[in-house]
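These are the residues of each chain, in order.
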Amino acid sequence: ESGEKDLALMHNTLRFGDRSKPNQGLEMTASLNLVGDGNPGGSAMAKTVGLTAAMGAEILLEGRLAGMHGIVRPMNPEVYNPVLERLDGCGVRFETSEEFKTEGSWPLNM
């Protein structure tokens, strides 16, 4: 239909702590949300998949990955920061939060 929009959402929650010492020490919960807005010109899925790949190729062609060889995983800030900045300008954004708890505020039983 004319004027329709879609939305892509992904939510990840990670818990970190020391299993050998339950209810002791520092435990952390980190959340990451990907939010992609679609529009009549392109779906949210097309943006979150296609734009990410295109921007990766773009930073490679710009020479921003000089010195990196072979398969380059997006674990390096030199790779992911420019892509995240460009995605944000296209309606795809990442929202993060962290929560720290101590002295057994929650058990680490994954």
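For the structure, check the block above.
Residues numbered from 1 in each chain as written. Predicted model: local features only at pLDDT ≥ 70, side-chain atom pairs only at ≥ 80, totals over all residues. Heavy atoms only, no water.

**Q** How should I be thinking about a nonpolar patch on the surface in this particular structure?
**A** Taken together, the side chains of Met10, Tyr80, Leu84 and Phe94 make up a nonpolar region of the molecular surface, amounting to roughly 320 Å² of accessible area. Structurally, Met10 can be placed in strand E1 (residues 7–16). (Patch = residues over 30% accessible without salt bridge, like charges linked within 9 Å, V, L, I, M, F, W, Y side chains within 5 Å. Areas by Shrake-Rupley, 256 points an atom, 1.4 Å probe, with all protein chains shown as cover. Salt bridge = Lys/Arg side-chain N within 4 Å of Asp/Glu carboxyl O. Helix = DSSP H or I, 4+ residues; strand = E, 2+ residues; numbered from the N terminus.)

**Q** Sorry if this is basic, but what is going on with the pattern of salt bridges here?
**A** Under the counting rule described, the total for this entry stands at five salt bridges. One salt bridge in this structure joins Glu58 and Arg86, with 2.5 Å as the shortest N-O distance. Pair noted here: Glu58 is in helix H1 (residues 44–61) and Arg86 is in helix H2 (residues 77–88), with a separation of 28 residues, a long-range link. The class of Glu58 is partly exposed, set by a relative accessible area of 38%. In this structure, Arg86 and Glu62 form a salt bridge, with 2.8 Å as the shortest nitrogen-oxygen distance. Separated by 24 residues along the polypeptide, Arg86 in helix H2 and Glu62 in the loop between H1 and H2 bring together distant segments of the chain. Owing to a relative accessible area of 43%, Glu62 belongs among the partly exposed residues under this scheme. In the salt-bridge network here, residues are joined through shared partners; they are Glu58, Glu62, Arg64 and Arg86. (Buried < 20%, exposed > 50% of the residue type's maximum accessible area, 1.4 Å probe, protein only.)

**Q** Sorry, what's going on with the side chain of Ser31 here?
**A** In this structure, Ser31 sits in strand E2 (residues 26–37). What Ser31 contacts, discounting residues up to four positions off in sequence, is His11, Asn12, Thr13, Glu95, Thr96 and Ser97. (Contact = heavy atoms within 4.5 Å.)

**Q** It is not clear to me how H2 should be interpreted in this structure. Could you clarify?
**A** Since the α-helix turns once every 3.6 residues, residues separated by three or four places project in the same direction. For H2, built from 12 residues, the straight-helix expectation of 16 Å at 1.5 Å per residue is met to within 8% by its first-to-last C-alpha distance of 16 Å. Buried within H2 are the following residues: Val79, Pro82, Val83 and Leu87. The arc that holds every buried residue of H2, seen down its axis, measures 135°, which confines them to one face. Those residues of H2 hidden inside the fold are in contact with H1 and strand E3 (92–102). The N-capping residue of H2, defined by a side-chain oxygen 2.8 Å from the backbone nitrogen of Glu78, is Asn76. (Expected span 1.5 Å × (residues − 1). Arc of directions from axis to C-beta. Polar contact = N/O pair within 3.5 Å; in protein donor to acceptor, adjacent residues only side chain to side chain.)

Geometric values such as these leave the question of function open.
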